[in-house]
Amino acid sequence: MSKVIVVTSGKGGVGKTTTSASISTGLAQKGNKVCVIDFDVGLRNLDLIMGCERRVVYDFVNVVQGEASLKQALIKDKRVPNLFILAASQTRDKDALTQEGVEKVIEDLKADGFDYIVCDSPAGIEKGAQLALYFADEAIIVTNPEVSSVRDSDRILGILQAKSRRAEQGEEPIIEHLVLTRYNPGRVDSGEMMAADDVIELLSVKLLGVVPESEDVLNASNSGEPVIMDEESKAAQAYKDIVDRFLGEEKEHRFLTAEKKSLLKKLFGK
Amino acid sequence: MALLDYLLGQRKKKSANQAKDRLQILLAHERSERKAPDYLPKMREEILQVIAKYVEIDQNQLQISIDEENGFEVLELNLVLPEK
C-alpha cells in the first residue's frame, strides 16, 4: 500500500526541504520505492538539495498540465536505487497546480508501485501548502524550538485537521509526527532554548526525532547530497533514526542533551 | 537589594521558560478562535446593531466568544455600558 507523506511547517527556513530530501533518501535506502515531489511552485529548490538540478527537463506542472508524461518528468536519483524526484516548476503562475491535477499524479504514482510519495510543502498556508497536505496519510511537522516556528506549526496542524481530504471525508485523521530541527542541546541545558518536551507539550504531537543543529547540513546542501548520506554526521544519524522510527522501529531518542566534554576535549577543542 | 535577590536565588527567568509560557497562552487563544464558527463575526455585527439602537456603545467594547464548559458550549457576550 502506498503512503502519501507531507513534510510541512508553516514557517519557512526551518528545514522542510532538508528533511524531505533526507527522509526520502533514507526510505529508499531501506529498499522502498520513493518519489519526492517539490510543491514549491515558482521557487524550485529540492532539485538543488538532491543534486539533480541540471537534469530537470520536465517538472510537476508540466505533468499536471499534460505537457509531459510522469515517466518523462521523474528524475531517477544517481546514488540510491528506487528514488525519484519530481521537480517544482519555475513558473510564476500560482494557479498552475490544481487539486484534480495533483490527485491524478498521486494516483498514477500509486499505480506505478511507489511505496512512499513524499510531498515537500512550500512555506506559508496558501494554496501550494494546502495542496501539498491535502492527499496526505501521514504528516511530518518540521519545527524549530523557537516561538514563531512553534506557532506556525500549530497553525498548520489546524489546517491538517480541518482541510485535508481525510478530514473533509471524515476518514481516519492524518497521522502527525514532529521533527525538531536546529536543536541545540547545549542551549537547552542552559535554559536558552525550549526543550523537545516543551514543544511536544505545546503542540501535542508525538516526537519522531530531534535533529541537532549541525554544520554538516550546509555542507550537504553545498554539495547537493542529502545530509543523511554523510555517515559521520550527527544530523545524518538523527535522520536515520527518524526513518527507522517512521518505519515502526523502537529507538531511543538521541541528541536531547549536550555531551559532557572531557577535560582534554575542552582544552584542545573538538 | 539586588545582591540579596541574587543570593536568595532569584535569578533572571530563563528565556526558554518565557517562550513556553507565552506560547501556552497564545496557542490556547488561537485554537479557540480557530474553532469558532464562521457565523460569529456576522452575528457580532448584528448584535451590535441591536444594542446600538438603545444605548450608545463603543463598537470595540463587545467581546463575544464560544467556549466549552463541562461539556456544554457556552456563548459568552461581554459588553461594558457607558457611564451615565
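Predicted model only: the values in this text are computed from it and were never measured.

### Remarks on the sheet that holds strand 6 (residues 138–143) of chain A
All names here are of chain A. Spatial strand order, 3-4-2-5-1-6-7-8: 8 strands in an open sheet with mixed pairing. The outermost strands of the open sheet, each flanked by one partner alone, are strand 3 (75–76) and strand 8 (206–212). Pairing of strand 2 (residues 34–38) with strand 5 (residues 116–120) involves 5 bridges; the strand directions are parallel. Its bridge partner lying in strand 5, Cys35 is registered against Ile117. Against the sheet, helix 1 (residues 16–29) engages strand 1 (3–8), strand 2, strand 4 (83–86), strand 5, strand 6 and strand 7 (175–183), with an angle of about 170° to strand 5.

### A closer look at the packing of aromatic side chains
All names here are of chain A. Going through the model one piece at a time under the given rule, you end up with 4 aromatic pairs over all chains. Plain terms: the ring middles of Phe84 and Phe114 are 5.5 Å apart, the flat faces sit at 85° to each other, and that makes the pair edge-to-face. One end of the pair, Phe84, is in strand 4; the other, Phe114, is in the loop between helix 5 (99–111) and strand 5, and 30 residues separate them in sequence. For Phe84, a relative accessible area of 16% translates into the label buried. You can call Phe114 buried: its relative accessible area is 2%.

### Here's the deal with the UniProt feature "domain: CobQ/CobB/MinD/ParA nucleotide binding" (unreviewed entry) in chain A
UniProt tags residues 5–227 of chain A as "domain: CobQ/CobB/MinD/ParA nucleotide binding" (unreviewed entry). In this annotation, residues 5–227 of chain A is assigned 41% helix and 19% strand; the end-to-end C-alpha distance for the span is 19 Å.

### Regarding helix 5 of chain A
Residues and elements named next belong to chain A. Its 13 residues place the ends of helix 5 18 Å apart at the C-alpha level, agreeing with the 18 Å of an ideal helix rising 1.5 Å per residue. Of the positions making up helix 5, those classed as buried are Gly101, Val102, Val105, Ile106 and Leu109. Relative to the axis of helix 5, the buried residues are bounded by an arc of 130° and lie together on one face. When the buried face of helix 5 is taken as reference, the exposed residues oriented beyond 90 degrees from it are Glu100, Lys104 and Ala111. Looking one or two residues beyond helix 5, the residue adopting positive phi is Gly113, at roughly 90°.

### Section: the interface of chain B and chain A
Listed as interface residues are 13 residues of chain B and, on the opposing side, 15 residues of chain A. The contact between chain B and chain A buries some 1300 Å² in all, and 56% of this surface belongs to carbon and sulfur atoms. On inspection of chain B and its partner chain A, the count reaches 4 salt bridges. The closest approach of N and O atoms between A:Arg151 and B:Glu30, which form a salt bridge, is 2.7 Å. Of the residues assigned to the side of chain B that touches chain A, the class counts are 5 nonpolar, 2 polar and 6 charged.

The rules we used
- Residues numbered from 1 in each chain as written.
- Chains lettered and ligands numbered in written order.
- Predicted model: local features only at pLDDT ≥ 70, side-chain atom pairs only at ≥ 80, totals over all residues.
- Heavy atoms only, no water.
- Pairing = 2+ DSSP bridges.
- Helix = DSSP H or I, 4+ residues; strand = E, 2+ residues; numbered from the N terminus.
- Contact = heavy atoms within 4.5 Å.
- Axes fitted to C-alpha atoms, helices over the stretch in contact; angles between N-to-C directions.
- Phe/Tyr/Trp six-rings, centres within 6.5 Å; stacked < 30°, edge-to-face > 60°.
- Buried < 20%, exposed > 50% of the residue type's maximum accessible area, 1.4 Å probe, protein only.
- UniProt positions renumbered as here; feature names shortened; annotations may be inferred.
- Expected span 1.5 Å × (residues − 1).
- Arc of directions from axis to C-beta.
- Buried area = accessible area lost by both parts, 1.4 Å probe.
- Salt bridge = Lys/Arg side-chain N within 4 Å of Asp/Glu carboxyl O.
- Nonpolar A, V, L, I, M, F, W, Y, C, P; charged D, E, K, R; others polar.

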